[in-house]
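# A look at the structure
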Amino acid sequence: MDSTLSLRGDQLNRAFPFHVWVDEDLHIRSMGSSLWALGLGDRLNQRLDGLFDIKRPQRHATMKDWLQHGHGLCTLVSKDEKRLQLRGSPEWMDDGSMLLVVAPVVTSMADMQGKGLKLKDFAAHDAAGELLLLGRTMALSADDAMRMAAKSKARLAQIEAMLELCDAGVAYFDADERLRYQNKVLNGLMCFMPGEALGLSLTQFEDRLVGLLSPAETQRNPITELLIAEGAGQNDAVMELRRERPCYAVVQVSLRRSDDGGHVVFIRDVTRETETERMKSDFLSSAAHELRTPMSSILGYAELLLHRPMSEERRTEAMSIVLRQSQLMMRIVTELLDLARIEARQGRDMERKPTPLKRLLEQIAQSQLEAGVSHPLSLPAECPDALLLIDEIKAVQAVSEVLDNARQYSEPGQPVALSIAAADDQWLTLEIRDRGIGMTPEEVSRVCERFWRADPSRHNPGTGLGMSLCKEIIDLQGGWMEIDSEPGQGTRVRLSLPVVTVAAIGGPPWTIIQPSPLRRCPLGRPSPAVTVPSSPVC
């Protein structure tokens, strides 16, 4: 430094610790103390563009170029490994030299430390610490905002996923009563194409809903009525409507006000629940009626036996009736419990294992003999070398239910035949044929209804649950039931069961089991014979 500048050197360094002073030929004559501390001070007398890459001004080869640039922004980048960027403006001295009043560009404390700088290297008036701290705070705030935005986005995606999985249709209307969101379930219930409903007003939405209702309910205004109820404090109000288009359905509509002044409309398809409740009510009514009939007989004859004298013959007859009706009640309760257990367990308690067909037929024959067969029953004398994948006990129960049914609706002495209708490497079909009263196609469709009977006069004893129980058992065994029936011609029931192996069928067709004179089972199966196509109808 010359003597004139040295008089002001301390003051200049304190004010501009990163300054660079060059002469008319752009050779460096002096630089600030902070640049000296970075090791750049030993480069004096070099040209400015030898020590720094000059980004601005673009033309900088001569002092004339700098004078043309004027006091505008200038940018220098050191050519060492630190690549320190300096930014400021030029000032011209009286002797024609130039003073570059610059300061380093740092974006963070880590950036500053990476360039070998400290806070004390900056001039006090630069407030570098405060600016870096502010920048750090702003960066942290920006990071927090981005994390919160990401969390909000993820949360929104989770909510949308849950709404899409919801079994109810959901529609959100903003404070201006415009539809802003609806899930796929609502699109299905309201027959909207994706995105079609966005922007609809609450009134237009209500008109669309009313247009889908049955004629008896088109005069209703469900959304308006729910808004009135909500205004009256009835926030749990729900309306049940019958939708007719595009297909019949029972829907429940409810409405809630959101915190932002909008409304959320919920629409649920409750057709299945409604039908289940109806069936439950019908079932309880039927069960109560079926139990009441034998109970009335038991009560009546019990009172007679208790209060009225009668001959020994009459007393024996009355006690026999009480016994039969008690057995009937016990059979109804047992079969109801069997049905309930099968439906609740869904076959989990069935022990399906390979069972020889011959052993199954022997068990069926034995069960019929023990029950006291009142009709000739023919069984195949020889059978395929087949292994059925079944629960043996349940399979015997299912076939026995059908055989009991066949006898119940056949005249005394009429034969009932059990044969093998078909067999291959996957399925074996047992066929039970009778020559009983038969059924019309309309009656066929009700065969598996609980407590339904082909003979409404109830002359034939039974529970009305046999065919329902049989179907449940066959279905859970992995098979199916087919039924053919014609009024006055009898009924043919086919039960198809899965097999493990099958050999060719051969041998004489029938072995006859004659009626047993020992005893007769008082309980038959009240299901009719049935007509079925090539697929199950129950």
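Conventions adopted
- The residue numbering used here restarts from 1 in each chain and proceeds along that chain's sequence as written.
- Under the rules for a predicted model, residues below a pLDDT of 70 receive no local features and side-chain atom pairs below 80 are neither given nor counted, while totals for whole chains, interfaces and linings still include all residues.
- Here the side-chain values reflect all heavy atoms present in the structure, with hydrogen atoms and water set aside.
- Helix numbers and strand numbers start at the N terminus; a helix is a DSSP run of H or I with at least 4 residues, a strand a run of E with at least 2.
- For the exposure calls, accessible area comes from a 1.4 Å probe over protein chains only, and a residue counts as buried if that area is under 20% of its type's maximum, exposed if over 50%, partly exposed in between.
- Here, two residues are considered to be in contact whenever any of their heavy atoms come within 4.5 Å of each other.
- Only the protein chains shown count as cover for residues, and the accessible areas themselves come from Shrake-Rupley with a 1.4 Å probe.
- Among buried residues, those of type Ala, Val, Leu, Ile, Met, Phe, Trp, Tyr and Cys that are joined through side-chain atoms within 4.5 Å constitute a nonpolar core.
- To obtain each axis, a line is fitted to C-alpha atoms, and for helices this fit is confined to the stretch in contact; angles are then taken between N-to-C directions over 0 to 180 degrees.
- Throughout, the term roughly parallel applies to angles under 35 degrees, roughly antiparallel to angles over 145, roughly perpendicular to angles from 65 to 115, and oblique to all others.
- In this classification, the charged set is Asp, Glu, Lys and Arg, the nonpolar set is Ala, Val, Leu, Ile, Met, Phe, Trp, Tyr, Cys and Pro, and all remaining amino acids, among them Gly, are polar.
- Two joining distances apply to patches: 9 Å for like charges and 5 Å for nonpolar side chains (Val, Leu, Ile, Met, Phe, Trp, Tyr), and every residue must have over 30% relative accessible area and no salt bridge.
- The salt bridge criterion pairs a side-chain nitrogen of Lys or Arg with a carboxyl oxygen of Asp or Glu, the two atoms within 4 Å.
- Asp and Glu are treated as the negative residues and Lys and Arg as the positive ones, with His and the ends of the chain left uncounted.
- In plain terms, the charge of a residue is placed at NZ if it is Lys, CZ if Arg, CG if Asp and CD if Glu.
- Any two strands between which DSSP finds at least two bridges are classified as paired.
- The pLDDT value tells you how sure the predictor is about a given residue, anywhere from 0 up to 100.
- Any pair of N or O atoms that falls within 3.5 Å is considered a polar contact. Within protein, one atom must be able to donate a hydrogen and the other to accept it, and sequence-neighbouring residues count only if both atoms are side-chain atoms.

## Considering the overall build of the protein chain
Scanning the protein chain from N- to C-terminus turns up 16 helices and 19 strands. When burial is assessed residue by residue, the protein chain has 41% of its 538 residues classed as buried. Considering only intrachain contacts with a sequence separation of at least 6, the fraction spanning at least 24 residues in the protein chain is 58%. If you sum the accessible surface of the protein chain, you get close to 29,300 Å²; carbon and sulfur atoms cover 54% of it.

## Topic: the environment of Leu 163
Looking at the element boundaries, Leu 163 is found in helix 7 (residues 128-165). For Leu 163, a relative accessible area of 24% corresponds to the partly exposed category. Taking the C-alpha atoms as reference points, Leu 163 and Lys 184, separated by 21 residues in sequence, lie 8.8 Å from one another. Once residues within four sequence positions are removed from consideration, Leu 163 is found in contact with Val 170, Tyr 181 and Asn 183.

## What to know about the nonpolar core
Judged by nonpolar contacts, the single largest core of 41 residues is most densely connected at Leu 357, Leu 360, Leu 430, Ile 432 and Leu 495. Top element by residues in this core is helix 14 (residues 392-408). It accounts for seven residues. Counting 27 residues, the second largest nonpolar core, distinct from the first, contains Phe 52, Met 63, Met 98 and Leu 100.

## Digging into the packing of helix 9 (residues 202-211) against helix 10 (residues 222-231)
Describing two packed helices takes the angle between their axes plus the distance from one axis to the other. Their axes nearest at 8 Å, the elements helix 9 and helix 10 cross at an angle of 125°. With respect to helix 10, the element helix 9 is oriented oblique. Along its contact with helix 9, which presents Leu 202, Phe 205, Glu 206, Leu 209 and Val 210, the element helix 10 presents Pro 222, Ile 223, Thr 224 and Leu 227. Grouping the constituent residues of the contact of helix 9 with helix 10 by class yields seven nonpolar, one polar and one charged.

## A few points about a negative patch on the surface
A surface patch of like charges, here negative, comprises Glu 24, Asp 25, Asp 94 and Asp 95. Positionally, Asp 95 belongs in the loop between strand 5 (85-92) and strand 6 (98-104).

## Structural notes on the sheet that holds strand 8 (residues 179-182)
Read from one edge of the open sheet, five strands run 8-7-11-10-9, paired in antiparallel fashion. The two strands at the open ends of the sheet, each matched to only one other strand, are strand 8 and strand 9 (238-243). Going across the sheet, the axis of each strand differs from the next one's by a mean of 25°, ignoring polarity. Pairing analysis gives seven bridges linking strand 10 (residues 249-257) to strand 11 (residues 263-269), with the strands arranged antiparallel.

## Quick word on the sheet that holds strand 6
Read from one edge of the open sheet, six strands run 2-1-6-5-4-3, paired in antiparallel fashion. The strands lining the two open edges of the sheet, one partner per strand, are strand 2 (28-31) and strand 3 (52-56). Strand-to-strand twist in this sheet, taken as the mean axis angle between neighbours without regard to direction, amounts to 30°. As paired elements, strand 1 (residues 20-22) and strand 6 share three bridges and run antiparallel to each other. Across the sheet, the residue bridging to Val 22 is Met 98, located in strand 6.

## Regarding a nonpolar patch on the surface
On the surface, Leu 131, Leu 134 and Met 138 cluster together into a nonpolar patch covering about 330 Å² of accessible area. Its location among the elements puts Leu 131 in helix 7. Look at Leu 131 and you get exposed, because its relative accessible area is 55%.

## Some remarks on the confidence of the model for the protein chain
Mean pLDDT over the protein chain: 80, with 84% of residues reaching 70 or higher. Here strand 19 (residues 511-513) stands out as the element of the protein chain with the lowest mean pLDDT, 36, in contrast to strand 11, whose mean of 94 is the highest. Overall, residues 1-7 carries pLDDT values under 50, and its contacts beyond four positions in sequence, including any with other chains, amount to five contacts. Confidence drops under a pLDDT of 50 for residues 503-538, and excluding neighbours within four residues, the segment shows 126 contacts in the predicted structure.

## Quick word on the environment of Thr 107
Locating Thr 107 in the fold gives a position in the loop between strand 6 and helix 6 (109-114). When its relative accessible area of 63% is taken as the criterion, Thr 107 is described as exposed. In this structure, the C-alpha to C-alpha distance between Thr 107 and Leu 132, residues 25 residues apart in sequence, is 7.1 Å.

## Side note on the side chain of Ser 34
Inspection of the secondary structure puts Ser 34 in helix 3 (residues 33-37). Within polar-contact distance, the side chain of Ser 34 engages the backbone oxygen of Asp 121 at 2.6 Å. If near-sequence neighbours (up to four positions away) are discounted, Ser 34 is found in contact with Pro 17, Phe 18 and Asp 121.

## Examining the pairing of strand 8
Consecutive residues of a regular strand have side chains that alternate between opposite faces of the sheet. In this sheet, strand 8 lies alongside strand 7 (residues 168-173) in antiparallel orientation, the contact comprising three bridges. From the neighbouring strand, Tyr 172 faces strand 8, where its bridge partner is Tyr 181. Linking strand 7 to strand 8, which pair antiparallel, is a turn of five residues; within it Glu 177 sits at a positive phi near 60°.

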